[in-house]
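# Breakdown of the fold
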Amino acid sequence: MDDDDFRRRGREMEVKSRTVRSLVARLSSVSEHTRAEALAELRLISKHDEDSRSLIAEADAVPYLAETLYSESQDFQENAAATLLNLSISSRESLISTRGLLDALSHALQHASTSTTPAAVQSCAATLHSLLVVDSYRPIIGSKRDIVHALAQIVKNPNSPPRSIKDSLKALFGLALYPLNRNTMIELGVVQPLFALIVKDGRVGIVEDATAVVAQMAGCEESEEAFARVGGVRVLVDLLDVGTGTSIRIKENAVAALLNLVSTGGARIGREVREMAATAVEGVVEVAEGGSTKGKSKAMSLLRIIEGANNGVRDSRFDCAGFTV
């Protein structure tokens, strides 16, 4: 960039900064119409202009946006939630450091079936998912039990729109990536609605996301009892049945979940997984042959476990993809 371009860029940023500061100042106006216009404009700017996202955050807009999530106005809710989602792409620190932001997101999610619009719910859940990309934010958000409970209720509610369910599942997945959050999720009843989705929901994308969360949650000791209550091992094994036509991603997640159960559970769950998984060898082989790199590795590990359950007796089904199991 030469000097002229640098100066031109500087002038453009100054104009953008003045525009943003003016809009943020209008968020505190006593006029509802003025606030509404400012919110709508900030939403559009944050969506289409990446440069403006940091400027909006630096202008201290986040506290106003968080407070607006409590509004009874649907337009206010949706514009504030969408703007927060846009800011979360590049200004995550500004969001997580704002006092009351997580409480505001929690409030919106807790009222998903009453006063919060579906669009606002989706944006709030997606904002959490975006924040959970940062490792250090996972224990912070996971400590907010009301958020975990609200996400579980959205997944559980049969009237939740598909998009709200998917965004909530992605947020739950981000939470489950932090091991210490998994027990909290189990305590708050996340397991049952996840398996209910897997069993009853025919939408491939939703089942894929649900099994991804299940695979992570299986990686804690408390999962053994929770999975037993819902017949989790049988459900996961059924997903590996080639006759069900489940996607390769679903099969990979089922394999990962079964492996995690064996690794973290006791002798009983290990025996159950070995015995049941032996009936789904073809599905495991399918993952070992055509899955992702991680999926193939996990499938080979599960095949070895199944083979061990057969007392070392070789079966031709264990020879796949050029590997000797």
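Our structure's up above, just so we're on the same page.
None of the values given here were measured: they were computed from a predicted structure.

### Considerations on the pattern of salt bridges
With the rule as written, the count across this model stands at 17 salt bridges. One salt bridge in this structure joins E37 and R26, with 3.3 Å as the shortest N-O distance. Here E37, found in helix α2 (residues 32-48), pairs with R26, found in helix α1 (residues 3-26); they are eleven residues apart in sequence, far enough to count as distant. Residue R26 is classed as partly exposed on the basis of its relative accessible area of 28%. Salt-bridge contacts for D167 lead to R163; the nearest nitrogen and oxygen are separated by 3.0 Å. With a gap of four residues between them, D167 and R163 both fall in helix α11 (residues 162-176), about one helical turn apart. Residue class for R163 comes out partly exposed when judged on its relative accessible area of 48%. One salt-bridge network, held together by shared partners, links K166, E208, D209 and R249.

### Thoughts on helix α3 (residues 50-58)
Residues of α3 that are buried: S52, R53, L55, I56 and A57. One side-chain oxygen of the residue at the start of α3 lies 3.1 Å from the amide nitrogen of D51, identifying that residue as D49. Count one or two residues on from α3 and you reach D60, which has phi positive near 65°.

### Focus on the side chain of N181
Within the secondary structure layout, N181 lies in helix α12 (residues 179-187). You can call N181 buried: its relative accessible area is 5%.

### Topic: the layout of surface pockets
Space inside the largest pocket adds up to approximately 360 Å³. Around the largest pocket, the lining comprises 16 residues; the ones closest to its centre are F173, A212, A215, Q216 and N253. Put simply, the parts of the chain that give the lining of the largest pocket at least two residues each are α11, α14 (204-217), α17 (248-264) and α20 (293-309). Looking at the lining of the largest pocket residue by residue, the classes come out as six nonpolar, four polar and six charged. Inspection of the lining of the largest pocket shows a minimum of three residues originating in each of domain 1 (32-188) and domain 2 (190-310).

### Examining the environment of A120
Relative to the helices and strands, A120 is located in helix α8 (residues 118-131). By relative accessible area, A120 is classed as buried at 1%. Spatially, the C-alpha atom of A120 lies 26 Å from that of I186, the residues being 66 residues apart in sequence. With sequence-adjacent residues up to four places away left out, A120 is seen in contact with Q77, E78 and A81.

Calculation notes
- Residues numbered from 1 in each chain as written.
- Predicted model: local features only at pLDDT ≥ 70, side-chain atom pairs only at ≥ 80, totals over all residues.
- Heavy atoms only, no water.
- Salt bridge = Lys/Arg side-chain N within 4 Å of Asp/Glu carboxyl O.
- Helix = DSSP H or I, 4+ residues; strand = E, 2+ residues; numbered from the N terminus.
- Buried < 20%, exposed > 50% of the residue type's maximum accessible area, 1.4 Å probe, protein only.
- Polar contact = N/O pair within 3.5 Å; in protein donor to acceptor, adjacent residues only side chain to side chain.
- 1 Å grid on protein atoms, 1.4 Å probe; cavity = no way out; pocket = protein on both sides within 12 Å on 5 of 7 lines; lining within 4 Å.
- Points joined across faces, edges and corners; volume = space filled by probe spheres on them.
- Nonpolar A, V, L, I, M, F, W, Y, C, P; charged D, E, K, R; others polar.
- Domains from an automatic or database assignment.
- Contact = heavy atoms within 4.5 Å.

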